[in-house]
Amino acid sequence: MAETVEFTVPETAANKRIDVFLVGKAVPSRSFGRKLIDSDLVTVNGSTVKSSFRLSSGDRVRVVIPEPEPIEAQPEDIALDVLYEDEYLIVINKPRGMVVHPAAGNKSGTLVNALLAHCSNLSGIGGKTRPGIVHRLDKDTTGVMMAAKNDLAHLSLARQIKEKSAQRTYLAIVHGNLSDDSGTVVGSIGRHPHQRKKMAVLVDGRGKSATTHFTVLERYGNFSLVKAQLETGRTHQIRVHMSHIGHPVAGDDVYGPKRSGLPLQGQALHSSSLAFRHPVTGEEITCTASPPEDFRKALDYLRKTRN
């Protein structure tokens, strides 16, 4: 059934657009908020408004989140490595090669198909093909990832990611010997101007702001093991940022060399931990996962042949 959320606009949000105000409070994105506004499901002081409406301090905002549309993706009996689960959410260790949600060319065998078979309920905010999906990992990126079982849990988890209170930590083997032990890459990310299947760091106000922090954990001469932490969650962010500074992720033939020379079956990028507050209890939860076997073998090889 539909859910209703109500807010009183604080002074700090005075003169803010309604579609901007709703993000992280009632909806996961401006586009989703605009859909609700255009469908007359958002009112301010009892009246419908346009997306460009500017709020005033003390305004009463009411949002009706409709019942999710029937999910088109079909359940499939695919084993999941579950790290944490309760009635509100599930955290899994995603294997290499698993696509997160159905799309052209990948209509089955995805994480969504597996979740539909495993869970009796999933949030509907992501639509028919992305039920429960709060954030994504690339097909060949492994590790910790969470999904929500209802819309309120989804909104809370998405807000934590947006507000940077959820901590996402990755391990990556990258090409080269970084000059600094730690650093921060800041660069807006958007579609590559000439290769539309790739992302790139863009200038002149284009793209979406993106920030990645990194720390070098081990050095092997021609390669380094780094820990990366995200402030934002742009498509291919770590892969694009590390390539941008001249240290692409090993095994990533999109943003780096075609061959790494390491015993890898894909890119050496692993979501090693995820820390967040439980959307209902407020409990601090941290889930961790060890890198996959080929990642560990690559590290063993590098340690034995270290220059």
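What counts and what doesn't
Residues numbered from 1 in each chain as written. Predicted model: local features only at pLDDT ≥ 70, side-chain atom pairs only at ≥ 80, totals over all residues. Heavy atoms only, no water. Helix = DSSP H or I, 4+ residues; strand = E, 2+ residues; numbered from the N terminus. Buried < 20%, exposed > 50% of the residue type's maximum accessible area, 1.4 Å probe, protein only. Contact = heavy atoms within 4.5 Å. Expected span 1.5 Å × (residues − 1). Pairing = 2+ DSSP bridges. Salt bridge = Lys/Arg side-chain N within 4 Å of Asp/Glu carboxyl O. Patch = residues over 30% accessible without salt bridge, like charges linked within 9 Å, V, L, I, M, F, W, Y side chains within 5 Å. Areas by Shrake-Rupley, 256 points an atom, 1.4 Å probe, with all protein chains shown as cover. Lys, Arg positive; Asp, Glu negative; His and termini not counted. Charge placed at Lys NZ, Arg CZ, Asp CG, Glu CD. Phe/Tyr/Trp six-rings, centres within 6.5 Å; stacked < 30°, edge-to-face > 60°. Polar contact = N/O pair within 3.5 Å; in protein donor to acceptor, adjacent residues only side chain to side chain.

## What to know about the environment of Ile161
Piece 1. Structurally, Ile161 can be placed in helix α4 (residues 151-162).
Piece 2. Its relative accessible area of 13% is what places Ile161 among the buried residues.
Piece 3. Each C-alpha atom, one on Ile161 and one on Asp253, is 28 Å from the other, the two residues being 92 residues apart in sequence.
Piece 4. Setting aside chain neighbours within four positions, we find Ile161 in contact with Val134, His135, Met146, Ala166 and Arg168.

## Overview of α4
Piece 1. Between the first and last C-alpha of α4 there are 16 Å, a value that for 12 residues agrees with the 16 Å anticipated at 1.5 Å per step.
Piece 2. The buried fraction of α4 amounts to 9 of the 12 residues, a majority that puts the element mostly inside the structure.
Piece 3. Contacts from the buried residues of α4 go to β1 (3-8), β4 (60-65), β6 (89-94), β7 (142-148), β8 (167-175) and β14 (269-277).
Piece 4. Two residues or fewer after α4 comes Lys164, characterised by a positive phi angle close to 70 degrees.

## Remarks on the pairing of strand β13 (residues 223-230)
Piece 1. Burial runs high along β13: 6 of the 8 residues are buried.
Piece 2. Pairing geometry for strand β12 (residues 211-219) and β13, over 7 bridges, is antiparallel. Looking at β13, one finds that Arg219 is bridged to Ser224.
Piece 3. Between β12 and β13, which pair antiparallel in sequence order, lie 3 residues; one of them, Gly221, sits at a positive phi of approximately 90 degrees.

## Topic: the pattern of salt bridges
Piece 1. All chains considered together, the criterion is met by 12 salt bridges.
Piece 2. Among the ionic pairs, Arg17 bridges to Asp19, the shortest N-O distance being 2.9 Å.
Piece 3. You can call Arg17 partly exposed: its relative accessible area is 23%.
Piece 4. For Asp19, a relative accessible area of 0% gives the class buried.
Piece 5. For the salt bridge of Asp181 with Arg219, the shortest nitrogen-to-oxygen distance reads 2.7 Å. Of this pair, Asp181 sits in the loop between β8 and β9 (182-186) while Arg219 sits in strand β12; the two residues are 38 residues apart in sequence, bridging distant segments of the chain.
Piece 6. Exposure remark for Asp181: the relative accessible area of 53% places this residue in the exposed category.
Piece 7. Taken together, the salt bridges that share partners define one network made up of Arg17, Asp19, Arg30 and Arg34.

## Quick look at a positive patch on the surface
Piece 1. A cluster of basic residues, Lys16, Lys25, Lys162 and Lys164, forms a positive patch at the surface.
Piece 2. Within the secondary structure layout, Lys164 lies in the loop between α4 and β8.
Piece 3. We classify Lys164 as partly exposed; its relative accessible area is 38%.

## A closer look at the packing of aromatic side chains
Piece 1. Taken as a whole and assessed by the stated rule, the structure comprises 1 aromatic pair.
Piece 2. Measuring from ring centre to ring centre gives 6.1 Å for Phe7 and Phe21, while their planes differ by 90 degrees; the resulting arrangement is edge-to-face. One end of the pair, Phe7, is in strand β1; the other, Phe21, is in helix α1 (residues 18-21), and 14 residues separate them in sequence. For the pair Phe7 and Phe21, one class covers both residues: buried.

## Focus on the side chain of Lys149
Piece 1. Here Lys149 is to be found in the loop between β7 and α4.
Piece 2. Take Lys149: its relative accessible area is 12%, and that puts it in the buried class.
Piece 3. There is a polar contact of 2.8 Å between the side chain of Lys149 and the side chain of Glu85.
Piece 4. Lys149 has contacts with Glu85, Asp86, Glu87, Tyr88, Leu89, Ile90, Cys119, Asn121, Leu122 and Ser123, leaving out every residue within four places of it along the chain.

Functional significance is not addressed by these values, which are geometric in nature.
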